[in-house]
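# Overview (structure and organization)
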Amino acid sequence: MTEKRTSLILPKTTITRRGALKGLAAGAAIGLAPGYVRYAQAQSSAPIKIGFQAHRTGIGAAYGRWYERTTMAAAKAINDAGGINGRPIEIITEDDGTDPARGAEVVEKFARQHNVDVAYGTLFSHVVVGSAPAAGELKLPYYVVSEGYHVASGSLNRYVFQPGITDVRSQVRAVGPWIANNVGKKITLVFPDYAFGHDHRDYFPEKFKEAGGEVVGMVPIPPTESSFTRYFPQIPASTEVIYHVMVGPAVLTFVKELGEFYGTGGPKLFGFIDSLEAVDINSPGLEFLDGTYFWEGSPRYLQADASDAQKAYRAAVGIDDNGASVNDAKDVSTAAHMYGCWETLYVIKQAMEAAGYQGPQDRAKLVEATEALTDFAEGPEHPQGAKRFNGKTHQVYGSQYISQVSGGKLNVVHKTAIEDGLYDTDVDYTTKPL
Amino acid sequence: MTKSASRTAVGILCAIAALAPAAALAHAADRGFVMLLPTGHYMVGGALAVLASFTALALIPPEPLDRLARWSARLLRLPVDGRVLTSTLSLVVLMLLIWCGLKGSRDPLSNPLPLVIWTVWWVGLTLLVGLFGNLWRWLDPWYGPARAVLAFAGRRHAPPLAVLPRRIGAAPAILVFLAFAWFELIHPAPDDPELLAVVVAAYWLFGFVGVLVFGHEAFTRQVECFSVFFAMISKLAMLRRGDDGALHFNLPGAKALDAASLGLSGTLFLLLALSTVSFDGLMRTFLWLGAIGVNPLEFPGRTVLIWPNTLGMMLAFATLAGAFLGCVWIGQRLAGRRGTLLETGAAAGALVWSIAPIALAYHFSHYLVSFVLYGQYALAAISDPLSNGANLFGTAGYHVLAGATTGAESAWVVWNLQAGAIIAAHVLAVLMAHVVAFRLHGDARRATVSQIPLALLMIGYTVLGLWLLSSPTGF
């Protein structure tokens, strides 16, 4: 069974697309809509099938909801503009329950049962790592949107790409110099004491120190902790900036207790929006964040100088100026990550067109064509900004946004250069056999 | 890659993933907002409310309460019994849903089967049954079809082909419900449309054969766990069918007091129902995840937790059953009874009805958020059941308002509804237990004394319920 549903949750204006797709499926009405003209000229009008490995249930469901909306919006935009190589794309959604074991099963199902052209869309790192071997064995190109460092680390395989979102190592490097030069030179890192927090602990200091900064304290917090006041005395008095990357349900408690600990004074704060993704920044308990800084993968709030491409992307996905659903102001999006779905689908499109992709027999060609990609210009296909793709590491690098909370919004105060997030590596997937 | 090889690889890689650099996106979610509320005060308040109810009951004579429980008001005469028709229609709908599961979208939030089974039927129907009576008697998809088959075979009035031993009581239903709870709470993919379609179809067939062989009455009383469950929950309802065939209104829980003592298997069944929904809450907490060595900020998925959670679910059942039966036994001893096995069993079978409102309240509180969210998905999915662009009821393009369940405001509303339900249910439980004890002992003082251990258990369970709904969770 293939999926012809657009989305349950797109803005109402898109519902008409159902009819268009339905007509397409029936082999009728092709060419009636201007966007479909090119389908008629294609060698085959059979859809290109993209297996969307979605976190519809389980721990990733809140992210999954927005990944699904963005995916469907991008698919619609691509189809409206003529599809890929003159063929429409069809999104086949499989739920992995945010479970690595099921992730591998889903990839297998995509390859064997649905016979998709590529698999795409995985967010959570452990699901990517659990699914990647299956994609490699089945020789199914697998485009993830996870921001994990696992792709560029070289630990996966030749069929796995992350071309639409930068990795965490790049993110934390890029923001270091700006913090040292603009917020404070003496920093204390407060992080959850496991892999995610360790990424920040390990990859942040290098560039920060190069810019004259000094890490004066490290405060690892056990992941099971739900109250934090007793850790705050470990923050050295000389600290000018607290870098915090707490995640999970206790984040709000963390912020509230930090506010109670420092009152109106204390060090400045720099955080990662991962902590508060999909959470209204104006929620009670978060008042202490006013004036503080956050990394954002892509701005949640519409900025005054936003590009037309950014505006068009937001309209297509259905988010308002505050980054919430246009139909539901309380439903805050995962704006810092979900743009990666949009851009990844366009990278797949670009690579398929470069490869002259016709069907599963061309998968190896598609891998090589993806590896040959280098630069993506900012525009409708890459609304977050320009990017540079490294075909050897299978990882893309781009700009990061630093925003300050003021007036109940996140206002961008700095956009890093692509170079700020680059790092040396000798990983080279292209040397591995196809 | 073979499935087993793939599994092994996944296992190894999950272990690597735990060590590898990783992006963690555990969502601050709505539990975070609940954690900012003064939930500790609610726990103290809830415990005091239950304690105060018990104390008040000790001071006032139980006779008026007993009379209140027996009161009912006649509402209207019921029309003819349409069960054959409704049951057959129910089967038709079920068959359509199974078809959707097999042929519809692979997305569990677009396919109507998982949404209708888990959200509309399991969550929604249970609440309706608890409020208004045993609608499942009308909707069970076996009654009508079985009558038709038996009539066709000329065996409509013939005795069943086989007889279930009465002494095993509802023991088979306990096993069937355990299997159901395991599938719901522990199996990695209960939402998978195709798998669920197969499971639902297989269960319907199991029930149909059972009903044909053992007779509908016996099979649904002893084996078919949902008939057993809904029959128990319906005893809380405010509507009942009187001996005169008319519909009567009574106070919540009053019907349960007139119900027969449940016997050991029925007692254990009801305790199992409560323990599974309690464990569903517990297994998400940082406390449980920490205890089984899982980083709650990096929830590894359901597959690797199958064994610890299976053991946990059994342990939760054993703990609750042990605590309840122990409290009944101590109560009997305090009231001057000998506390023999038979006597304790009989008392437990009567007193266990007081567990029913707690089970219903846990059900309501535990599933409230998912009901509001996934109920909306269900509304959209039924309009386009095969995801081919249909719009049968005009709701196919419905925009799911996820914001209804997110943010500080909704967290406050949800928490107060949950806490209110939990506390009210425990107060009702204390009331019900008191009337049952009065009827058992025929004496106000002894009834009160016998209830002290159970009242303490109720206070403990109130606090546990509120804690489960307010402590940090990993998924």
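Conventions used here
- Residues numbered from 1 in each chain as written.
- Chains lettered and ligands numbered in written order.
- Predicted model: local features only at pLDDT ≥ 70, side-chain atom pairs only at ≥ 80, totals over all residues.
- Heavy atoms only, no water.
- Helix = DSSP H or I, 4+ residues; strand = E, 2+ residues; numbered from the N terminus.
- Rg over C-alpha atoms; globule rule 2.2 N^0.38 Å.
- Buried < 20%, exposed > 50% of the residue type's maximum accessible area, 1.4 Å probe, protein only.
- Contact = heavy atoms within 4.5 Å.
- Lys, Arg positive; Asp, Glu negative; His and termini not counted.
- Charge placed at Lys NZ, Arg CZ, Asp CG, Glu CD.
- Domains from an automatic or database assignment.
- Salt bridge = Lys/Arg side-chain N within 4 Å of Asp/Glu carboxyl O.
- Polar contact = N/O pair within 3.5 Å; in protein donor to acceptor, adjacent residues only side chain to side chain.
- Axes fitted to C-alpha atoms, helices over the stretch in contact; angles between N-to-C directions.
- Parallel < 35°, antiparallel > 145°, perpendicular 65-115°, else oblique.
- Left-handed = near helix turned anticlockwise from the far one by under 90°.
- Nonpolar A, V, L, I, M, F, W, Y, C, P; charged D, E, K, R; others polar.
- Buried area = accessible area lost by both parts, 1.4 Å probe.
- Pairing = 2+ DSSP bridges.
- Patch = residues over 30% accessible without salt bridge, like charges linked within 9 Å, V, L, I, M, F, W, Y side chains within 5 Å.
- Areas by Shrake-Rupley, 256 points an atom, 1.4 Å probe, with all protein chains shown as cover.
- Right-handed = clockwise from strand over helix to strand, strands pointing away.
- pLDDT = per-residue confidence, 0-100.
- Core = buried A, V, L, I, M, F, W, Y, C linked by side-chain atoms within 4.5 Å.

## Regarding the overall build of chain B
When its secondary structure is counted, chain B shows 21 helices and three strands. The globule rule puts the C-alpha radius of gyration for 475 residues at 23 Å, and the 24 Å found for chain B is close to it. For the C-alpha atoms alone, the extent of chain B along its principal axes is close to 70 × 60 × 40 Å. Across the 475 residues that make up chain B, the buried fraction comes to 57%. Long-range contacts, defined here as pairs at least 24 residues apart, represent 79% of the contacts in chain B between residues at least 6 apart. Distance between charge centres in chain B, computed from 29 positive and 21 negative side chains, equals 10 Å.

## Observations concerning the domain arrangement of chain A
Residues and elements named next belong to chain A. Here chain A is partitioned into domain 1 (12–166 + 336–398) and domain 2 (168–296 + 400–421). Taken together, the contact pairs 14 residues of domain 1 with 16 residues of domain 2. The interface formed by domain 1 and domain 2 includes two salt bridges. Our count for the domain 1 to domain 2 interface comes out at 10 residue pairs in polar contact (both at pLDDT 80 or more). Of all the secondary-structure elements, those providing two or more residues to the side of domain 1 that touches domain 2 are α11 (335–355), β14 (387–390) and β15 (395–398).

## Quick word on the packing of helix α6 (residues 112–132) of chain B against helix α18 (residues 355–383) of chain B
All names here are of chain B. α18 packs onto α6 with a crossing angle of 135° between their chain directions and a minimal axis gap of 8 Å. Put simply, α6 runs oblique to α18. Regarding α6 and α18, the two cross each other, and that crossing is left-handed. Here Pro-112, Leu-115, Val-116, Thr-119, Val-120, Trp-122, Val-123, Gly-124, Thr-126, Leu-127 and Gly-130 of α6 lie close against α18, whose contacting residues are Leu-360, His-363, Phe-364, Tyr-367, Ser-370, Phe-371, Tyr-374, Gly-375, Tyr-377, Ala-378, Ala-381 and Ile-382. Residue composition of the contact of α6 with α18, grouped by class: 16 nonpolar, seven polar and no charged.

## Observations regarding the domain arrangement of chain B
All names here are of chain B. The domains assigned to chain B are domain 1 (25–71 + 263–475) and domain 2 (76–250). Of note, the centres of domain 1 and domain 2, computed from C-alpha atoms alone, are 23 Å apart. Listed per partner, the contact involves 38 residues of domain 1 and 46 residues of domain 2. Carbon and sulfur atoms supply 80% of the area that domain 1 and domain 2 bury against each other, a total of about 3,600 Å² over both sides. Run the count over domain 1 and domain 2 and you get zero salt bridges. Taken together, domain 1 and domain 2 are joined by seven residue pairs in polar contact (both at pLDDT 80 or more). Among the elements that make up the side of domain 1 that touches domain 2, the one with the highest residue count is α18 (14 residues). Tallied by class, the residues present in the side of domain 1 that touches domain 2 amount to 26 nonpolar, 10 polar and two charged.

## Considering the interface of chain A and chain B
Taken residue by residue, the interface counts 80 residues in chain A and 72 residues in chain B. Here chain A packs against chain B, burying approximately 6,500 Å² in sum over the two surfaces, 60% of which is carbon and sulfur. There are three salt bridges connecting chain A and chain B. Where chain A meets chain B, there are 13 residue pairs in polar contact (both at pLDDT 80 or more). Broken down by secondary-structure element, the contributors of at least two residues to the side of chain A that touches chain B are α1 (16–25), α3 (61–80), β2 (89–95), α4 (100–112), α5 (125–137), α7 (195–203), α9 (251–262) and β12 (328–332) of chain A. Tallying contributions element by element places α4(A) first for the side of chain A that touches chain B, with eight residues. The class makeup of the residues in the side of chain A that touches chain B is 32 nonpolar, 21 polar and 27 charged.

## Quick word on the pairing of β15(A)
Residues and elements named next belong to chain A. Burial of the side chains of β15 extends over both faces: Gln-395 and Tyr-397 are buried on one face and Val-396 and Gly-398 on the other. In this structure, β14 lies alongside β15, joined through four bridges in antiparallel fashion. Looking at the pairing, Asn-390 lines up with Gln-395 of β15. Remark: four residues form the turn of the hairpin made by β14 and β15, two consecutive strands paired antiparallel; His-394 in that turn has positive phi of roughly 65°.

## Examining a nonpolar patch on the surface
Residue and element names in this part refer to chain B. On the surface, Leu-128, Leu-131, Phe-132, Leu-135 and Leu-139 cluster together into a nonpolar patch covering about 390 Å² of accessible area. Here the element with the most residues in the nonpolar patch is α6; it accounts for three residues. Mapped onto the secondary structure, Leu-139 falls in helix α7 (residues 136–139). Given the relative accessible area of 34%, Leu-139 is considered partly exposed.

## Quick notes on helix α8 (residues 143–152) of chain B
Residues and elements named next belong to chain B. For α8, the full list of buried residues reads Tyr-143, Gly-144, Pro-145 and Ala-146. Taken together, the buried residues of α8 touch α5 (83–103), α10 (193–214) and α11 (216–222). In the segment just after α8, Gly-154 is the residue with positive phi, at about 70°.

## So, the pairing of strand β1 (residues 48–54) of chain A
Residue and element names in this part refer to chain A. Judged by how many residues are buried, β1 sits mostly within the fold: six of seven residues are covered. Bridge count for β1 against β2 is seven bridges, and the pairing is parallel. From the neighbouring strand, Ile-48 faces β2, where its bridge partner is Ile-89. Tracing the backbone out of β1, into α3 and back to the parallel element β2 gives a crossover that is right-handed.

## Digging into the confidence of the model for chain B
Residue and element names in this part refer to chain B. Residues at a pLDDT of 70 or more form 94% of chain B, whose mean pLDDT is 90. Within the model, the stretch residues 1–28 combines pLDDT values under 50 with 64 contacts to residues more than four positions away or in other chains. Overall fold confidence for the complex sits at a pTM of 0.89, while the interface term, ipTM, reaches 0.85.

## Brief notes about the nonpolar core
Ranked by size, the top nonpolar core spans 177 residues in total, and within it Ile179(A), Tyr243(A), Phe270(A), Leu276(A), Phe177(B) and Phe324(B) carry the most contacts. Setting aside residues up to four positions removed in sequence, Phe270(A) forms contacts with Val175(A), Ile179(A), Val241(A), Ile242(A), Tyr243(A), His244(A), Tyr293(A), Phe294(A), Trp295(A) and Ile402(A). If you look at the next biggest cluster of nonpolar residues, it comprises 50 residues, including Phe52(A), Ile89(A), Tyr143(A) and Ile165(A).

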